[in-house]
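Take a look at the letters that make up each chain.
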Amino acid sequence: MTDRVLTWLAATAAALAAAFTAWSLGGGHPMAAVVPMALLLGVVVAGLALTRFGAFVLLLLAVRPMVDLVKLSGPTAGPAGVDGEGGVSRAFDPSTLLAVLFLVAAGLWLAARARSSAAPGFSAPAGGPGAGGGTAGLRTSPLGVALLLVGATCLISALGADRPANSLLEALRVLTVVVMFVVLEQLVPDRRYARRVLLATYLALAAVVAYTVLTSLTGHPPAEVKGSFVRITGPFAQSTTFGRYLMFLLIFGVALYRYLSGRARAALAVLLGLSFVLLLLTNTRSAILGVAIGLVVVAVLQRSGRMLVALALTTVLGLALLPAVGDRFAQLADARAVGGAPTGNTLAWRFGYWTEIMSLANRNPVTGIGPNMTQFQTEEAKKPHNDFLRAYVETGVVGLAAYVAMVVLLLLSGLRALRRAPPGTLQRGVAAGFAGCAVAFVSVSAASNVVSSVATLWYLMAFAAVAGAPAARAAPARQLTPSQPAAANPREATH
């Protein structure tokens, strides 16, 4: 009887939503037409998050890049990302609302998991991680602890910012990256779930590539004009974000390619080929250099001379077919074009800007001026373009220490994953791919705002979790109970 009532209520709600949408479209109110369908979709997603959390996480990984297509605040939301077109705050963007839903659902799931594991006679729920269950206890790793410290320092710094609401919004975005890793660290020891994470990640890339290619073929490519260059943006608001997203997916995908076979290998080859072309069309120098660095790391780790030759030939071919890419890099040698404008020697401009913003940290050297606050405090209203400097200026000495620890542990996690992965296995490809992504991330972070590209960092965290899965399988999860203090066994502090 209850099921029948719920079915009728759902059908009635859907009918009313469809009628309201039709009326709104007919009355020339397209924004209002989206609201009821968005509410229904939100209810469905929220229900999935609370009942099948593992499936919810896979859904997020599969659709997150495309969510940026629906951006109520507009493509450029003011100098600080507060109000965009029409004065709509970024707090009401679907990506922000989805982030809040993820944090709430993840918090409830982690709390329930920790509480259940501490209960006497606990046994893992049926259905495994994908059903929202899993093995006992919460797993912790040094990288997870460092990420939690990064999230904590962002929150503390935001509370003392001149504009706490704006700074807290940025801290929330960073926190989703931290929680994504913590959640996946619990789920990926299940081998099937780890493979599903990788599948969801590349299904997302397939959707992104398909959207960008199809819209380009129809004569309306998703692009922005910066200076004298037209740069592809994909589903994202900026070409730089798209470039960094492709950077991680390309490096990791190339590392996996040799360990696949049949249709999966052919499909990945097509996907990576199109992604490389789109990367060049973003004209994002940092991402292109990051891919080159990451692929060199992968080639060395996999002892593949052919990969190095292929990379060199592809670079030459890309520069020949797309001369705009060569022109973009040539600007770095033009001493007359120094400046922060889209067309100019932005590297030389960065050095001057870094010197300027260093003094901002003097206001609060311990906890900084708050996440996302640098652009409020400078005449040029730009982000630091250096994540290490950003950590110091915006989150202080404490935040910088947490960020450096995270970076070091990312690199060490890649090395540890390589030591544990047997040669000739898919896990070896995962380890090499993550190591390449980690090196690229550190390299690009030194001259870019990678931490601001939160949507792309979800996938770096996914690769980190999957690469560390063998270590998690080799050691039991920690179970903190009254009879077993946290420091009872130092070996259990890491997996």
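Every value quoted in this text rests on a predicted model; they were computed, and no experiment measured them.

Let us now look at the environment of I232. When you line up the elements, I232 lands in strand β2 (residues 229-232). According to the relative accessible area criterion, I232 is buried, its value standing at 9%. Expressed as a C-alpha distance, the spacing of I232 and T282, which sit 50 residues apart in the sequence, is 4.6 Å. If we ignore the near neighbours within four places in the chain, the residues touching I232 are T212, P221, P222, A223, S239, F242, L281 and T282.

Following both chains from N to C, one finds helix α8 (residues 239-257) and helix α17 (residues 454-467) inclined at 20°, their axes separated by 9 Å at the closest point. Taken together, the axis directions place α8 and α17 in an arrangement best described as roughly parallel. Considering the relative orientation of α8 and α17, their crossing is left-handed. Between α8 and α17, the contacting residues are T241, R244, Y245, F248, L249 and F252 on the first element and T456, L457, Y459, L460 and F463 on the second. In terms of residue class, the contact of α8 with α17 is made up of eight nonpolar, two polar and one charged.

Counting residues in each nonpolar core, the largest one holds 106 residues, and the members touching the most others are F102, Y245, M406 and F441. With residues up to four places along the chain from it excluded, the contact list for F102 reads F53, F56, L60, T176, V179, M180 and W458.

Of the two faces of strand β1 (residues 223-226), the one holding E224 and K226 is buried and the one holding A223 and V225 is not buried anywhere. Strand direction decides the pairing type here: β1 and β2, joined by four bridges, are antiparallel. Looking at the pairing, V225 lines up with V230 of β2.

About the cut-offs
Residues numbered from 1 in each chain as written. Predicted model: local features only at pLDDT ≥ 70, side-chain atom pairs only at ≥ 80, totals over all residues. Heavy atoms only, no water. Helix = DSSP H or I, 4+ residues; strand = E, 2+ residues; numbered from the N terminus. Buried < 20%, exposed > 50% of the residue type's maximum accessible area, 1.4 Å probe, protein only. Contact = heavy atoms within 4.5 Å. Axes fitted to C-alpha atoms, helices over the stretch in contact; angles between N-to-C directions. Parallel < 35°, antiparallel > 145°, perpendicular 65-115°, else oblique. Left-handed = near helix turned anticlockwise from the far one by under 90°. Nonpolar A, V, L, I, M, F, W, Y, C, P; charged D, E, K, R; others polar. Core = buried A, V, L, I, M, F, W, Y, C linked by side-chain atoms within 4.5 Å. Pairing = 2+ DSSP bridges.

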